[in-house]
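Each chain is listed here by its residues.
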Amino acid sequence: KLFFDPILSLDSSLSCASCHIPQFAFADTATFSRGVGGSLGKRNAPAITNMAARAHFFFDGRAATLEQQV
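Residues numbered from 1 in each chain as written. Predicted model: local features only at pLDDT ≥ 70, side-chain atom pairs only at ≥ 80, totals over all residues. Heavy atoms only, no water.

Moving on: the overall build of the protein. The helix and strand inventory of the protein stands at one helix and zero strands. Principal-axis analysis of the C-alpha atoms gives the protein an extent of 35 × 25 × 25 Å. Within the protein, the fraction of its 70 residues that count as buried is 19%. A fraction of 12% describes how many contacts in the protein between residues 6 or more apart in sequence connect residues 24 or more apart. As presented, the protein carries roughly 5200 Å² of accessible surface, and 59% of it is formed by carbon and sulfur atoms. For the protein, the distance from the average site of its 6 positive side-chain charges to the average site of its 5 negative ones is 6 Å. (Helix = DSSP H or I, 4+ residues; strand = E, 2+ residues; numbered from the N terminus. Buried < 20%, exposed > 50% of the residue type's maximum accessible area, 1.4 Å probe, protein only. Contact = heavy atoms within 4.5 Å. Areas by Shrake-Rupley, 256 points an atom, 1.4 Å probe, with all protein chains shown as cover. Lys, Arg positive; Asp, Glu negative; His and termini not counted. Charge placed at Lys NZ, Arg CZ, Asp CG, Glu CD.)

Structure (structure tokens):
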């Protein structure tokens, strides 16, 4: 439920599912994801399927575990 709830965004307008779209393997279909107020980001939201099997997290690998990413 929390994944689809916009309450976590700055202005309560976006949920995680706004960019991590379930119908597209929980990824964004846009080249650059949009944020609060329609601001254009520098990256797109990557797919979040099979997260437990990943060796690193974030685009730059700065988190070694899923717990650190959270």
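Next up on the list: a nonpolar patch on the surface. A grouping of Leu2, Ile7 and Leu8 is seen on the molecular surface, where their side chains present a nonpolar patch of about 330 Å² in accessible area. Within the fold, Leu2 resides in the segment before α1 (66-69). Owing to a relative accessible area of 52%, Leu2 belongs among the exposed residues under this scheme. (Patch = residues over 30% accessible without salt bridge, like charges linked within 9 Å, V, L, I, M, F, W, Y side chains within 5 Å. Salt bridge = Lys/Arg side-chain N within 4 Å of Asp/Glu carboxyl O.)

Our focus in this paragraph is the packing of aromatic side chains. Under the definition given, this model contains two aromatic pairs. The interplanar angle of 70° and the centroid separation of 5.7 Å between the aromatic rings of Phe3 and Phe26 together place this pair among those described as edge-to-face. Of this pair, Phe3 sits in the segment before α1 while Phe26 sits in the segment before α1; the two residues are 23 residues apart in sequence, bridging distant segments of the chain. An aromatic cluster is present here, built from Phe3, Phe4 and Phe26 joined pairwise through their rings. A cation sits over an aromatic face here: Arg62 above Phe58, 3.7 Å from the ring centre. (Phe/Tyr/Trp six-rings, centres within 6.5 Å; stacked < 30°, edge-to-face > 60°. Lys NZ or Arg CZ within 6 Å of the ring centre and 35° of its normal.)

Inspection of the secondary structure puts Ala30 in the segment before α1. Owing to a relative accessible area of 30%, Ala30 belongs among the partly exposed residues under this scheme. A C-alpha to C-alpha distance of 10 Å links Ala30 and Gly41, two positions eleven residues apart in sequence.

In the structure shown here, the tally under the stated rule is one salt bridge. Here Asp60 and Arg62 are joined by a salt bridge, their closest N and O atoms 3.2 Å apart. Accessibility assignment for this pair places Asp60 and Arg62 in one class, exposed.

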